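Here is how the chains run, residue by residue.
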Amino acid sequence: MADALRARIRSGLLRPGQRMPTQAALAEEFGVERGTVRQALRVLRDEHLLTGVCRGSPATVAPDGGAHPGPAAPPQPTMVALAPRIAQAFAAPHVEIDALCLTAVSLTLALGEPLRLIHAGRLEPAKIDVRILLPSRHIELAFPAPVDPAADGRLHRRWLAQRNAQGQVLRHNLLALRATHGIDVHVTFRALPFTPPVKLYLLNGAQALFAYYTPLRREAEIDHQRLQLYDAVGTRSTLFAFARGTGPRDTAFVEQSCAWFDALWETISSELVLTS
């Protein structure tokens, strides 16, 4: 709930000085108890996005809380930084999102708020084009991977199931907008012949959001057995933002990132089918 409200504030849909909906209205919208609403509002208060958070009266968006997140903002974890920028990108008539990642879980979660706003009639894009590059099912992943190379394929099967499930949810949620809102939506996946060491999101050709996948060693339970593995948690990766027009370095980074993605898409990637 805090993530959704944060995205509305960061995207400008809730403006500085604007009063928030009442706690009762928020509880009804999100289907939660009042205590959960107050907890979410306190999170945003502690982030200096809201003022006047107390029982019985609506909070107010802080004077500088509605500013769009920009590349000058300090880097933040993916799930804090990505959602408001995705919501901002969906304010354009033609939304174009390119993503390179391991499973698309971060992107699927970040799309929740703009989809909610479209269904609420507060965003009205005419066209949405999404391209996603994911690792091929046929390669030996660098991560997640078992520490013991002699281990069986349980970990790879679990990753593949997650990759396919997240992709199918993302595609279904976006393509549903064709029937419900008449939006021209296209979602395309292609497979990479390598494990991406970074994650990259390109928004409307104007922003590049970049994060490292940092491998770590951990233990996890796979099919009721403990397994030592190398893994990387993408949702907590620190996301760095670059935007065209901010300066020569940022503009060049966005342009080169777009060119790199297009090159991967058009040359060494292959057809990807989201099946087990």
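Use the structure listed above.
Cut-offs used in this document
- Residues numbered from 1 in each chain as written.
- Predicted model: local features only at pLDDT ≥ 70, side-chain atom pairs only at ≥ 80, totals over all residues.
- Heavy atoms only, no water.
- Phe/Tyr/Trp six-rings, centres within 6.5 Å; stacked < 30°, edge-to-face > 60°.
- Helix = DSSP H or I, 4+ residues; strand = E, 2+ residues; numbered from the N terminus.
- Buried < 20%, exposed > 50% of the residue type's maximum accessible area, 1.4 Å probe, protein only.
- Lys NZ or Arg CZ within 6 Å of the ring centre and 35° of its normal.
- 1 Å grid on protein atoms, 1.4 Å probe; cavity = no way out; pocket = protein on both sides within 12 Å on 5 of 7 lines; lining within 4 Å.
- Points joined across faces, edges and corners; volume = space filled by probe spheres on them.
- Nonpolar A, V, L, I, M, F, W, Y, C, P; charged D, E, K, R; others polar.
- Contact = heavy atoms within 4.5 Å.
- Pairing = 2+ DSSP bridges.
- Axes fitted to C-alpha atoms, helices over the stretch in contact; angles between N-to-C directions.
- Parallel < 35°, antiparallel > 145°, perpendicular 65-115°, else oblique.
- Left-handed = near helix turned anticlockwise from the far one by under 90°.

This paragraph deals with the packing of aromatic side chains. Counted by the stated rule, this structure contains five aromatic pairs. Look at phenylalanine 210 and tyrosine 212: their rings are 5.0 Å apart centre to centre, the planes differ by 85°, and that puts the pair in the edge-to-face class. Arranged with centres 5.9 Å apart and planes meeting at 20°, the rings of phenylalanine 261 and tryptophan 265 form a pair that is stacked. Of this pair, phenylalanine 261 and tryptophan 265 both sit in helix α8 (residues 248-266), four residues apart, roughly one helical turn. Just as phenylalanine 261 is buried, tryptophan 265 falls in that class too. A connected cluster of aromatic rings, assembled from ring pairs, spans Phe210, Tyr212, Phe242 and Phe253. Its guanidinium or amino end placed over the ring of tryptophan 265, arginine 131 lies 5.1 Å from that ring's centre, counting from NZ or CZ.

This part covers the layout of surface pockets. Here the largest pocket defines a volume of roughly 410 Å³. Broken down by secondary-structure element, the contributors of at least two residues to the lining of the largest pocket are α5 (105-110), α7 (154-181) and β8 (198-203). If one sorts the elements of the lining of the largest pocket by residue count, α7 sits on top with five residues. Taken together, the residues of the lining of the largest pocket sort by class into 11 nonpolar, six polar and four charged.

This paragraph deals with helix α1 (residues 2-10). Burial of α1 is extensive: seven of the nine residues sit out of reach of the surface. Those residues of α1 not exposed but buried are Ala2, Ala4, Leu5, Arg6, Ala7, Arg8 and Ile9. As for α1, its buried residues are in contact with α2 (23-30), α3 (34-46), β1 (50-51), β2 (60-61), α4 (78-89) and α6 (112-119).

What the eight strands build is an open sheet, ordered β3-β12-β9-β8-β4-β5-β7-β13; its pairing is mixed. With one partner strand each, in any of the chains shown, β3 (76-77) and β13 (270-271) form the two edges of the open sheet. Summarising the sheet, strand β5 (residues 127-135) and strand β7 (residues 184-192) pair through nine bridges and their orientation is parallel. Paired with lysine 127 across the two strands is aspartate 184, which belongs to β7.

This part is about the packing of α1 against α2. The contact between α1 and α2 brings their axes to 12 Å, and the two run at 115°. Judged by the angle between their axes, α1 and α2 are roughly perpendicular. The way α1 lies across α2 gives a crossing that is right-handed. Contact with α1, carried on its side by Ala4, Leu5 and Arg8, involves Leu26, Glu29 and Phe30 of α2 and no other residues of that element. Across the contact of α1 with α2, the residue classes break down as four nonpolar, no polar and two charged.

Moving on: the pairing of strand β10 (residues 216-222). One ladder, built from seven bridges, connects β10 with strand β11 (residues 225-231); its direction is antiparallel. Note on β11: the bridge partner recorded for glutamate 219 is glutamine 228. With antiparallel pairing between neighbouring strands as the criterion, β10 and β11 make up a hairpin whose turn holds two residues, including aspartate 223 at a positive phi of roughly 50°.

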